[in-house]
Amino acid sequence: MKIVHIAYISLFCILFSFFTIPLLHAEDWRDKTKLLIYSPRYFGPNAFPLPEMRNGDVSKRIEAEVRGEYHYYKGDKTKDLYARVLVPFVKGRAGVEVSLVVLEKYKMTPETRDERFAVATESPIRCTGDVIFTSFFQVLRSEKWADIVLSGTIRTASGGRLCDARYTDAAAYWFDLNIARNLWKSTDGKASLRMQVLGGFYCWMTNDLVHRQNDAMAYGGGLTGTYKGFTLSSDISGIRGYKNNGDRPIHWRNKLSYELKKNILSFRYTHGMKDRLYESYSLGYTRCF
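Residues numbered from 1 in each chain as written. Predicted model: local features only at pLDDT ≥ 70, side-chain atom pairs only at ≥ 80, totals over all residues. Heavy atoms only, no water.

Visitor: In this structure, what is going on with the overall build of the chain? I would like to understand it.
Guide: When its secondary structure is counted, the chain shows two helices and twelve strands. Going residue by residue from the N terminus, the α and β elements of the chain occur as α-β-β-β-α-β-β-β-β-β-β-β-β-β. Taken across its 289 residues, the chain has 43% of its residues classed as buried. Of the contacts made within the chain by residues no fewer than 6 positions apart, 58% connect residues no fewer than 24 positions apart. Carbon and sulfur atoms make up 67% of the accessible area of the chain, which amounts to about 15,800 Å² in all. (Helix = DSSP H or I, 4+ residues; strand = E, 2+ residues; numbered from the N terminus. Buried < 20%, exposed > 50% of the residue type's maximum accessible area, 1.4 Å probe, protein only. Contact = heavy atoms within 4.5 Å. Areas by Shrake-Rupley, 256 points an atom, 1.4 Å probe, with all protein chains shown as cover.)

So this is what it looks like as structure tokens:
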């Protein structure tokens, strides 16, 4: 009889451990996400994408791009596969773009994990990014004055691994105006130097129960040079949030591309400043139709 009692007690302890330990872990995970700081400094490199410099022009061609990216700083090494499709309409006066990080792999140091209040240093499951929808409208296209593009973007809450501070699991949106003008252009049209500036508004939801969203000013300026099939562009861009809690990243972005028969190869390098911690490198292929 005593043996039976011992068996029942043992079975009860096993069942109790089986059902309660996962619940405790789940509770710990939820408790930790309340501590996350919803700003670019304390999330992964793809959580807060900045508005792109569009050179003041909506593409007149369908573009399909795939890009391999590597983001590095001493506390985090991230590799990802990025995909983008742009479809113009109304004779190139407007367009729609859909993009996302298809797959992301990362490895953080324990120090970075603790600083970000994350759970793990690397993902035990597949991690994907937010789906982003952008619409464009060509406000003005003028050789004499300037080319102006107005765009609006919605970042969905579809990204994974909130527990590791990779994506916010919260929506964001931004509007920006991109203005560009030729500074110089050769008579045969094969070479040019172009200036562009960007200004806008950037907003994202947070986990703050009092201030439910962070509002930021978006800005940027840069130069683009072309020679035959080569294009080299460089810009300094950023956002400036009102909380000042790591929400003021600055990017120095550089892109070299070469186009041959509607095929474009590109290399990108981004140097992060202030609340942007990463050095980023990417190699991409774009097919135009």
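Visitor: Just checking my understanding: could you explain the sheet that holds strand β6 (residues 172–185) for this structure?
Guide: Pairing between the strands of a sheet comes from backbone hydrogen bonds, and it takes one of two forms, parallel or antiparallel. What the twelve strands build is a closed barrel, ordered β1-β2-β3-β4-β5-β6-β7-β8-β9-β10-β11-β12; its pairing is antiparallel. On average, adjacent strands in this sheet sit at an angle of 20° to one another, irrespective of strand direction. As paired elements, strand β1 (residues 63–73) and strand β12 (residues 279–288) share ten bridges and run antiparallel to each other. Each bridged residue has a counterpart across the sheet, and for H71 the counterpart in β12 is S280. (Pairing = 2+ DSSP bridges. Axes fitted to C-alpha atoms, helices over the stretch in contact; angles between N-to-C directions.)

Visitor: Teacher, can you tell me more about a nonpolar patch on the surface here?
Guide: Where nonpolar side chains cluster on the molecular surface, the patch consists of Y70, Y72, F230, L232, L256, Y258, L260, F267, Y281 and L283 and spans about 970 Å² of accessible area. Ranked by the residues each element gives to the nonpolar patch, the list is headed by strand β10 (residues 249–260), at three residues. Along the chain, the position of L260 falls in strand β10. (Patch = residues over 30% accessible without salt bridge, like charges linked within 9 Å, V, L, I, M, F, W, Y side chains within 5 Å. Salt bridge = Lys/Arg side-chain N within 4 Å of Asp/Glu carboxyl O.)

Visitor: Would you mind showing me how to read the confidence of the model for the chain here?
Guide: Looking at the chain, the pLDDT average stands at 91 and 90% of residues meet or exceed 70. The low-confidence segment residues 6–27, where pLDDT is below 50, has two contacts with residues more than four positions distant or belonging to other chains. (pLDDT = per-residue confidence, 0-100.)

Visitor: Got a minute to help me understand the pattern of salt bridges in this structure?
Guide: Side chains that carry opposite charge are capable of pairing whenever their charged atoms lie near each other. According to the stated counting rule, one finds 22 salt bridges in the structure shown. Among the ionic pairs, R84 bridges to E97, the shortest N-O distance being 3.0 Å. Separated by 13 residues along the polypeptide, R84 in strand β2 (residues 76–89) and E97 in strand β3 (residues 94–108) bring together distant segments of the chain. The burial state of R84 is the same as that of E97; both residues are buried. The salt bridge involving D147 is made with R194; its shortest N-O contact spans 2.4 Å. Residue D147 is located in strand β5 (residues 147–155), and its partner R194 is located in strand β7 (residues 191–205); the two are separated by 47 residues in the primary sequence. Taking the relative accessible area as the measure of exposure, D147 reaches 11% and is therefore buried. Residue class for R194 comes out buried when judged on its relative accessible area of 9%.

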